[in-house]
Amino acid sequence: MSTRAVPWLAWSLMVLSVVLLVGGLALDQMTRSTAQERPYYGPVDAVFYLATVLTFSVVGAIIASRQPRNPIGWLFCGVGLVMGLNSLAGGYAEYRLSGGYGPWSLVETAAWFASWSWTILVYLPTSFLLLLFPDGRLPSPRWRPVAWCAALGLIGFVAGTALQPGPLGDFPQIVNPYGVDSLILEAVAVTGAILASASMVASAVSLIVRMRRAGTVERQQIKWLAYGGAIVVGSVFASGVISTIWSADVGIALISLGLLGVPIFTGVAIARYRLYEIDIVINRTLVYGALTAALVAVYFGGVATLQTLLRALTGQEQQPQLAIVVSTLVIAALLFNPLRRRIQAFIDRRFYRKKYDAAKTLEAF
C-alpha cells in the first residue's frame, strides 16, 4: 500500500465508525418515538459509545498514519469499527421490533450480530495490545505460541457464543437463526474461553518481561500504558464505592471515563508525545490521590463526630449543615498543606529515592 493511501484508509475507517454509530443512535431515537419500551441505548450508554468510538478510532488513525506497520493502530481502528457496527445492528433490531420496517431475515441477522460482537471487544484488544506493545512486534519468537493461543481462543469463544442455540441474549424474542445444538460446539466455546483468558494473563507477563529488558525510551512507553491500566483499575474500584454510597449512574460514568485512558495513554506512548513526563504524572497522581483519600476519610469522620457532639449539646437530632461547614473549613485550613507535604515526602522516599536523596543532600548543604 502506498504511503498516501495509508492515512486515507485509517481516517476513512474512523469516519465510517462514527457514521455507523450515529446511524445506530438515530434508529434508537426513532424507536423512542414509536414505542414506550426501553430503547436499546440509554443516555449514559449513548455517551459512552460515542466517546469510546471516537477515542479508539482517532487514536488508531493517528498511530496507523504515523506507523502503518504497527498493528496496534489498526487494532484500535477495528475496535471502533466493530462498536459502530454493533450500534447500527442493535439499533436497527430494536427499531424493527418496535414496529419499524424491514425484512425479518435482516432483523434476525442484525440482532444476532449485536448479541455476540461484544466478545471481540473483550478479548481482542487486551491480549494483542499487551503482547505487541509498543512497536507492534512480539518480545521474542518464543511468544508466538501465546499469539496463536490468543487467536484460536478468540475464534473458539466467538464461534461458541455466536452459534449458541436458543433466544438471543439482548433480544429474547428472537431465536438464534444460526444456532447449532452440538456438544462439540460447547466444548469449543469453553476451550476458547480458557485459551483466551490464559493468553491475556500471558500477555500481561510478556509486558513485564519486556519492561525488564527495555531501554530508556521503551521503559517510558510501558509506564504510560501501565498508567492507563492503573486508571482503569482505580476507576472500577472508585465506581464500586460511589455506586454503593451515592449513584449507580455516576459509577458507570466513572468506569466509562476510566476505560478511555487505555487508548489515550497508548497513543501518547506510541507517538512519544511528552514521553518523559510520565514520572511527573505518576508522582502527582500518587500524591493527590492519597491526599484526596485521606481528606475524604477525615472529612466524613469529622462530619460524623461533629454531628454526634452537636446532637449531645443541643439535643436536636439533625445538625448536618453546621457540621459540614465546620468540617470543610477545618480541613481546608489546617490539613491540606501538612498532609500534602508528608505524603509527597513519603512517596519521594519510597518510589523516587534518587530525587529524595538529592533533595536531602542539597538541604544539608
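Since the model is a prediction, treat every value here as computed from it, not as a measurement.

The subject of this paragraph is the pattern of salt bridges. When the charged atoms of two side chains lie near each other, side chains of opposite charge can form a pair. Counting across every chain of the model gives three salt bridges. Among the salt bridges present, the one from Asp 135 reaches Arg 210, with a minimum N-O distance of 3.5 Å. Taken together, the residues span a long stretch of sequence, with Asp 135 in the loop between helix H5 (118–132) and helix H6 (144–162) and Arg 210 in helix H7 (residues 183–213) at a distance of 75 residues. The class for Arg 210 is buried, based on a relative accessible area of 6%.

Take helix H8 (residues 216–245) next. Since the α-helix turns once every 3.6 residues, residues separated by three or four places project in the same direction. For H8, with 30 residues, the first-to-last C-alpha span of 43 Å sits near the 44 Å given by 1.5 Å per residue. When we look at burial in H8, the residues that qualify are Gln 220, Gln 221, Ile 222, Trp 224, Leu 225, Tyr 227, Gly 228, Val 232, Ser 235 and Ser 239.

Here the bond from Phe 133 into Pro 134 is cis, since omega is 0°, no more than 30 degrees from zero. Relative to the elements of secondary structure, Pro 134 occurs in the loop between H5 and H6.

Attention shifts here to the nonpolar core. Counting 28 residues, the largest nonpolar core has Ile 72, Phe 76, Leu 129, Phe 133, Leu 207 and Leu 225 as the members making the most contacts within it. Beyond its immediate sequence surroundings of up to four residues, Ile 72 is in contact with Leu 129, Leu 132, Phe 133, Pro 134, Thr 266 and Ile 270.

What follows is about the environment of Ile 174. With respect to the element layout, Ile 174 can be found in the loop between H6 and H7. Taking relative accessible area as the criterion, Ile 174 reaches 1% and is therefore assigned buried. In this structure the C-alpha to C-alpha distance between Ile 174 and Ala 93, which are 81 residues apart in sequence, comes to 10.0 Å. Those residues in contact with Ile 174 that sit more than four places away from it in its chain are Leu 97, Trp 104, Val 107, Glu 108, Ala 111, Gly 166, Pro 167 and Leu 168.

So, on to the side chain of Ser 117. Tracing the sequence through the fold places Ser 117 in the loop between helix H4 (104–116) and H5. A distance of 3.0 Å separates a polar side-chain atom of Ser 117 from the backbone oxygen of Phe 113. The contacts of Ser 117, once residues within four sequence positions are left out, are Val 82 and Asn 86.

All right, on to the packing of aromatic side chains then. Applying the stated criterion across every chain yields a total of seven aromatic pairs. Centroid distance Trp 224 to Phe 265: 5.7 Å. Interplanar angle 25°. Geometry classified as stacked. Within this pair, whereas Trp 224 is found in helix H8, its partner Phe 265 is found in helix H10 (residues 261–271), the two being separated by 41 residues in sequence. With relative accessibility at 6%, the residue Trp 224 sits in the buried group.

For Val 268, the location among the structural elements is in helix H10. Each C-alpha atom, one on Val 268 and one on Leu 225, is 8.9 Å from the other, the two residues being 43 residues apart in sequence.

Where H6 contacts H7, the axes come no closer than 7 Å and their chain directions differ by 140°. Considering the relative orientation of H6 and H7, their crossing is left-handed. Packed against H6, whose contacting residues are Val 146, Cys 149, Ala 150, Gly 153, Leu 154, Gly 156, Phe 157, Ala 159 and Gly 160, the element H7 presents Leu 185, Val 188, Ala 189, Gly 192, Ala 193, Leu 195, Ala 196, Ser 199, Ala 202 and Ser 203 at the interface. Here the residues of the contact of H6 with H7 sort into 13 nonpolar, six polar and no charged.

Next up on the list: a nonpolar patch on the surface. A cluster of nonpolar side chains, Phe 237, Val 241, Ile 245, Trp 246 and Val 250, forms an exposed patch at the surface whose accessible area comes to about 580 Å². Within the secondary structure layout, Ile 245 lies in helix H8. Judged by relative accessible area, Ile 245 falls into the exposed class, the value being 64%.

The next thing to look at is the packing of H4 against H5. Their axes nearest at 4 Å, the elements H4 and H5 cross at an angle of 30°. Judged on the interaxial angle alone, H5 and H4 are roughly parallel. Across from Ala 114, Ser 115 and Trp 116 in H4, the residues of H5 making contact are Trp 118, Thr 119 and Ile 120. For the contact of H4 with H5, a count of residues per class yields four nonpolar, two polar and no charged.

Rules behind the numbers
- Residues numbered from 1 in each chain as written.
- Predicted model: local features only at pLDDT ≥ 70, side-chain atom pairs only at ≥ 80, totals over all residues.
- Heavy atoms only, no water.
- Salt bridge = Lys/Arg side-chain N within 4 Å of Asp/Glu carboxyl O.
- Helix = DSSP H or I, 4+ residues; strand = E, 2+ residues; numbered from the N terminus.
- Buried < 20%, exposed > 50% of the residue type's maximum accessible area, 1.4 Å probe, protein only.
- Expected span 1.5 Å × (residues − 1).
- Core = buried A, V, L, I, M, F, W, Y, C linked by side-chain atoms within 4.5 Å.
- Contact = heavy atoms within 4.5 Å.
- Polar contact = N/O pair within 3.5 Å; in protein donor to acceptor, adjacent residues only side chain to side chain.
- Phe/Tyr/Trp six-rings, centres within 6.5 Å; stacked < 30°, edge-to-face > 60°.
- Axes fitted to C-alpha atoms, helices over the stretch in contact; angles between N-to-C directions.
- Left-handed = near helix turned anticlockwise from the far one by under 90°.
- Nonpolar A, V, L, I, M, F, W, Y, C, P; charged D, E, K, R; others polar.
- Patch = residues over 30% accessible without salt bridge, like charges linked within 9 Å, V, L, I, M, F, W, Y side chains within 5 Å.
- Areas by Shrake-Rupley, 256 points an atom, 1.4 Å probe, with all protein chains shown as cover.
- Parallel < 35°, antiparallel > 145°, perpendicular 65-115°, else oblique.

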